[in-house]
Structures are given as structure tokens and as C-alpha cells.
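This is what each chain is made of:
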Amino acid sequence: MTPRSQPPLIVKILSEQASSLLPKWTALLKQNGILATGRIKETELATQCRTVLDLLATAIAAAGLDVAAAPYQPLRDLLADISRSRAIQGFSPSETASFVFSLKPPLFEAIDAAKGSDDATALRAVQDVTRLIDALGLHTMEVFQKSREEVIVRQQREIAELSTPVVKLWEGVLALPLIGTLDSQRTQIVMENLLESIVAERAEIAIIDITGVPTVDTLTAQHLLKTVSAARLMGADCIISGIRPQIAQTMVHLGVELNVVSKATLADAFAVALRRVGRTVAPLKTVHRQQPVG
Amino acid sequence: MDRIPILKLGSALLVTIQVDMHDRLATALQEDLTEKIVATHAKGVLIDISALEIVDSFIGRMLDHIAAISRMLDAETVVVGMRPAVAITLVELGLSLTGVKTALDVERGMEMIRRRLDEPEVADGDDAGA
Amino acid sequence: MATTPARDLMEVRSSDDVVRVRQQVRARAVEVGLSLVDQTKIVTAASELARNMLDYGGGGVATIEMVTDGHRRGLRLTFEDQGPGIADVQLALKDGYTSGSGLGLGLGGAKRLCNEFTIDSAPGRGTRIVCARWM
């Protein structure tokens, strides 16, 4: 801001009347229903509003209306924090934006009260307010958007990890029961998890069970094959089990050949795996027969 | 020029690769191994690569060559201890080292070679029973 | 967004230089925060490309840059040589194709290990390969 003999009206209002703006602003926010959802407490909201006004007053006194200037940094940081927490608390974009934008009416009122008969000054003050609040509002939205994206990325990763447990069936035998659609990102996590577990458990053989996978396209099939090849390079064998009839059909149509050991069911695969590690399942030689399961 | 040491372990040779291999070292290893297989009548070669952070097509080719040469000299090569990240990368690179046997660690690799020595020539499967 | 200032220029004239490039790429990949698998992929790609440049381009210069595109961080590698160039880039990218004694996995393999991969080359003009791996 170029220094002027007379500071703009808006600077004067914000640095001198911040405390009287606060109740009007919070009242407007409440009227808009910010508390209705119960996602934020009244005291928390009041503190946020007070801090915003304090920082705004300090910033505007030091740097005028240049929102990008250094004195605005604390305010920008605070708005970023508020925006991030709004994103996490599940506020909608417009709810988040209106937190900042609803500061406009109280400011307009203050200008109206302070202008006296000087309409030109008032007009400039209104323009200044609009520019200032719009800039801050846009900053808030940008952070909000970014935070939402981060939340989504994190959730995707969590879901992918949750849905791919590697279980130990026997000493040296692992199973990976896959459920749901396999996309590239998920398959990569699946692959890494399985291979890490092979090392950790010193497993000679791993069963990849795809009973819960609804469809297998060419890409998925390739990913499966890559996993099997990588395991082989490490010194472990894989068995694929649970290929549904229609999946087998589509794969043949697609010209994809799963050139690996495959078994109809997880149980069949387990029997093969046990034999591979030198074990077998036999019925108990006791009087009452039990289910022959290890 | 430094060389990678080759240890004799029973009827097998053990090579532990611990350094980032440059080309001359790889060539030297191939030559040394060939001579040592002949000199010691080794029936197996264990190459421990658990310390290697990457295997590129150059090293992959070296492993393939060693396996092919040893096979001609009646020794079986087992590459042991490949790290998961290395295995994933190698597959993506398009190298499957089909001519090379693999095992999780030196112990398992040794077992593999020993099993081969115990078995009569015909058997190829692993239906060992217990 | 702007490229971060970290940037290494490395001459590749011998097989020892290939090892040095690998080590520097690894260090930068760790610094950028790439996962272990991604680190391994980009280091392997660097190894392939540096060796290609040495074997077929008569050596050249490797550039390692830490880059960001907003919220993602990554590593970008550039390999530039003044060698004979590649007449048919599509053919050179095919697995199994080689003009030398290798397996012919170098270029195509390196491409699969990266998220971005571009070749700029013509006979007599040398070769410039840019590849990147993102978080």
C-alpha cells in the first residue's frame, strides 16, 4: 500500500472498532446456522472470530490492504488452520467460505456509520472491504480444497491397507484373501505387503485367493502375474486360488494366461502348500472322528 | 583391483555380494567363479544378494550368465535373499531370471542344493513327502 | 510451481560414474521422501539410462532434480549425450530390441519404472531422455 496522509477508512474502522464488529459477526454466523450442526462449539467459534479480528487489525495497521504482505502471515496461517479443521469436521465448502465472507455485512454497516456525508470515501472503503475479504475468502477455500484432497488420498491408502491382510496359515505358508476390485494402486500395496510378509515369515509358499474378486481384467491379471514373478525371484512360490468360472472364461477370451499354479478353492491350495512344506492333513486316529482340519 | 570373495561351503560355493557392483567387478566375479567351480568340483553356487539395493539389467544378465555357465559345469546356481523392492523392480523392468533358481536365504539355498545332490538324476519334482 | 534449487549435474564417462549416479539418485530419492519401492525403481531406471548413455551415446551428462508440482514431490532425471542418436525411438523402446550386446530392456524397462518418460533424439543430434518418479 502506498502511504497516504489519511489512512483509508477501512483501516481506521478495523484497527479501532474490531471489538464492536465481533458480536455482529458472530451473530450473523449463528443466524446462518453454523452452530446448528453441532460440529463446532459456540465458545470455539467466538475464540476463532476474536482471533481473526485481532490479527486482521494488526495486519491492516502494518501493511494496509496488501494481503500477500508479511504482516498478514499470522492471519493467513490461522485461516488455513481453521479451514483445515473445517474440512476434517466435514463442513461444506460454502459453510467454510461464508465464515470469512459473513464479515462483510458488519463492515459495511460500520462504514455506513462512519462515513458521515463523504460518499466518495465510503465507496472506496466498500471496494477495499470487498477486495480484502474476497482475497482472504479465496485463500480459505484453497486450503479447504487442498485439505479435502489430502483427506481423500489418506483414506484411499487406509482402505487399501485395511483390505489386504496377509495371514499366516502354517509355518512357511501365507495366504492373501483378496476382496473387491483390484486397481493399480491397491495392487501395488497388496504386492508389497505380501512380499514383505514373505520375508518376515520366511514363507516358502503364498496363496493368493481371489474368491472375493468380482472381475479380473487384463491389467489385474498382469498385476497378479507380476506379484507371482516377484515372489519367485525372492525364492517363494505362489498359488492362485478361487478363480470363478466366469473369470476363467473372460481371461481366456482376453487372451490372458495365468501361467501359475492355480487351485479351485483356498482349501485345495492349502493342501498343496502343506505338502510343499512337508506336511499333510490326516484324520485323527481317535474313537470319535472330528473334522479333519489342521 | 578388488574382487568379490568366494567361499567354499561343503560341495557348494558361496558368494556374498555386498558392494555396489561396477562392470569390471562383475566380469571378474564371473571369471573367478568359473575357475573355482572347476577347481573345487562344486555342485552348487549360492549367490547372496540380500545386501543389494538394486539389481539392474546388467547385474541381472550377470546372474543369468553365471547360472548358465555353472549349469554347463554341472553346478546349480541359487540366487538368495533378493529384497522385495528389488524383486518388484526387476519384474517391472521385464527381467524374470527364468534360468536362475531362487531361495529366501542362504540356509534355504543350501537345502536346495543338498536336496539336488541327494536325489537321483531323474527326479525333478519336489514331492519329498516329509 | 518452481523447481526446488537442489540439482546435481554429473558427468558419465565410465562404469564407475554409473555407480556414482546411482548413489546420488538414491540419496536424492530418500531426501524427496519416495517410498522404498519407488526409490528402487528410479535408481534402477537411472542405472539403465546412465549405462545406455555410456554404451551407445559415448557418455554424457546426467542431471538430477528434486521437483514439485503443487502438493506432490518427485525426482526428475535428465540424460543428455552427443552420440549418434536414435533413428527409431518407438523401436528402441520395444523390449528385446538392442543395437548392442545387451538384453534390450534398457529403454523400455526404464520407461516402465518411471511415471514420466520422454525421449528426444534424432540421428546425428544426440539423445536427451527425461524421466520422473512422483510420490
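Residues numbered from 1 in each chain as written. Chains lettered and ligands numbered in written order. Predicted model: local features only at pLDDT ≥ 70, side-chain atom pairs only at ≥ 80, totals over all residues. Heavy atoms only, no water.

Going by the annotation in an unreviewed UniProt entry, the name recorded for chain B is Anti-anti-sigma factor, with Rhodoplanes serenus given as the source organism.

Looking at the overall build of chain C
Tallying secondary structure elements over chain C gives four helices and five strands in all. Counting helices and strands in the order they occur from the N terminus, chain C gives β-α-α-β-β-α-α-β-β. Here chain C, with 135 residues, has 56% of them falling under the buried criterion. Restricting to contacts in chain C with at least 6 residues of sequence separation, those with at least 24 account for 62%. (Helix = DSSP H or I, 4+ residues; strand = E, 2+ residues; numbered from the N terminus. Buried < 20%, exposed > 50% of the residue type's maximum accessible area, 1.4 Å probe, protein only. Contact = heavy atoms within 4.5 Å.)

Looking at the overall build of chain B
When its secondary structure is counted, chain B shows four helices and five strands. Taken from the N to the C terminus, the helices and strands of chain B come in the order β-β-α-β-α-β-α-β-α. Its C-alpha radius of gyration of 14 Å places chain B within 12% of the 14 Å reference for a compact globule of 130 residues. Taken along its principal axes, the extent of the C-alpha atoms in chain B is 40 × 35 × 20 Å. In chain B, which comprises 130 residues, the share counted as buried stands at 52%. (Rg over C-alpha atoms; globule rule 2.2 N^0.38 Å.)

Here's the deal with the interface of chain B and chain A
Taken together, the 23 residues of chain B in the interface contact 19 residues of chain A. Summed over both sides, the interface of chain B with chain A buries roughly 1,700 Å², with 58% coming from carbon and sulfur. For the interface between chain B and chain A, the tally reads four salt bridges. A salt bridge links B:E107 to A:R202; the shortest N-O distance between them is 3.6 Å. On inspection of chain B and its partner chain A, the count reaches eight residue pairs in polar contact (both at pLDDT 80 or more). (Buried area = accessible area lost by both parts, 1.4 Å probe. Salt bridge = Lys/Arg side-chain N within 4 Å of Asp/Glu carboxyl O. Polar contact = N/O pair within 3.5 Å; in protein donor to acceptor, adjacent residues only side chain to side chain.)

Observations regarding the interface of chain B and chain C
Taken together, the 20 residues of chain B in the interface contact 22 residues of chain C. In total, about 1,900 Å² of surface goes out of reach between chain B and chain C, with carbon and sulfur atoms giving 56% of it. Summed over the three residues of chain B that lose the most area to chain C, namely B:I54, B:E92 and B:L93, the buried surface amounts to 28% of that side. Across the salt bridge formed by C:D16 and B:R24, the nearest N and O atoms sit 4.0 Å from each other. Where chain B meets chain C, there are six residue pairs in polar contact (both at pLDDT 80 or more). Sorting the residues of the side of chain B that touches chain C by element identifies α1 (23-40), α2 (57-72) and α3 (84-93) of chain B as the ones contributing at least two each.

Describing the packing of aromatic side chains
All names here are of chain A. Enumeration over the complete set of coordinates arrives at one aromatic pair over all chains. Ring centres of W25 and F99 lie 5.2 Å apart, and the angle between their planes is 35°; on these two criteria the pair is classed as tilted. Placement of W25 in helix α1 (residues 9-31) and of F99 in helix α4 (residues 93-101) is noted, with a sequence separation of 74 residues between them. For the pair shown, W25 and F99 are each scored as buried. Here the basic side chain of R86 rests over the ring of F91, its NZ or CZ set 5.1 Å away from the ring centre. For the cation-ring pair, R86 lies above F99, with the distance from its terminal atom to the ring centre recorded as 4.8 Å. (Phe/Tyr/Trp six-rings, centres within 6.5 Å; stacked < 30°, edge-to-face > 60°. Lys NZ or Arg CZ within 6 Å of the ring centre and 35° of its normal.)

Here's the deal with the nonpolar core
Core analysis: the largest hydrophobic core is formed by 103 residues, its most contacted members being A:I198, A:I208, B:I17, B:L29 and C:F117. Among the elements that make up this core, the one with the highest residue count is helix α2 (residues 36-56) of chain C (nine residues). Non-local contacts of B:L29, meaning those with residues more than four positions away in its chain, are made with B:I4, B:I6, B:V15, B:I17, B:M21, B:M62 and B:I66. In this structure, A:A59, A:F99, A:V100 and A:A110 belong to the second largest nonpolar core, which totals 40 residues. (Core = buried A, V, L, I, M, F, W, Y, C linked by side-chain atoms within 4.5 Å.)

What to know about the sheet that holds strand β3 (residues 205-212) of chain A
Hydrogen bonds between backbone atoms are what pair the strands of a sheet, whose relative direction is either parallel or antiparallel. Residues and elements named next belong to chain A. Within the open sheet, the five strands sit side by side as β1-β2-β3-β4-β5. Their pairing is mixed. Strands with a single pairing partner mark the edges of an open sheet, and in this sheet they are β1 (167-170) and β5 (261-263). Pairs of neighbouring strands in the sheet enclose a mean axial angle of 30°, with direction left out of account. Along the sheet face, helix α7 (residues 184-201) touches β1, β2 (173-179) and β3 and points at about 165° away from the line of β2. Docked against the sheet, helix α10 (residues 266-276) engages β1, β2, β3, β4 (237-241) and β5, running at close to 175° with respect to β3. (Pairing = 2+ DSSP bridges. Axes fitted to C-alpha atoms, helices over the stretch in contact; angles between N-to-C directions.)

Brief notes about the pairing of strand β3 (residues 44-48) of chain B
All names here are of chain B. Counting buried positions along β3 yields five of five residues, so the element is predominantly enclosed. Running through α1, the crossover from strand β2 (residues 12-16) to the neighbouring parallel element β3 is right-handed. Relative to strand β4 (residues 76-80), β3 runs parallel, the two being bridged by five bridges. Residue pairing across strands places G44 opposite E76, the latter belonging to β4. Between the parallel elements β3 and β4, the chain passes through α2 in a crossover that is right-handed. (Right-handed = clockwise from strand over helix to strand, strands pointing away.)

Notes on the side chain of C:R22
Residue placement: C:R22 occurs in helix α1 (residues 15-32). Those residues in contact with C:R22, other than ones at most four positions away along the chain, are B:D20, B:M21, B:I54, B:D56, C:V43, C:S47 and C:R51.

Comments concerning the packing of α1(B) against α2(B)
All names here are of chain B. Close contact between α1 and α2 brings their axes to 10 Å; oriented N to C, the two are set at 10°. In this view, α1 runs roughly parallel relative to α2, as classed from their interaxial angle. Between α1 and α2, the residues in contact are D23, A26, L29, Q30, L33, T34 and I37 and F58, M62, H65, I66, I69 and S70, respectively. In the contact of α1 with α2, the residues fall into eight nonpolar, four polar and one charged. (Parallel < 35°, antiparallel > 145°, perpendicular 65-115°, else oblique. Nonpolar A, V, L, I, M, F, W, Y, C, P; charged D, E, K, R; others polar.)

Observations concerning the sheet that holds strand β5 (residues 101-103) of chain B
Residues and elements named next belong to chain B. The five strands are arranged β1-β2-β3-β4-β5 in an open sheet whose pairing can be described as mixed. Looking along the sheet, the strands with just one partner apiece sit at the ends: β1 (6-9) and β5. Put simply, the sheet's adjacent strands are angled 25° from each other on average, direction ignored. Examined bridge by bridge, β1 and β2 share four bridges and lie antiparallel to one another. Each residue of the ladder has a partner; that of L9, found in β2, is A12. Contacting β3 and β4, α2 runs over the sheet at an angle of about 150° to β4.

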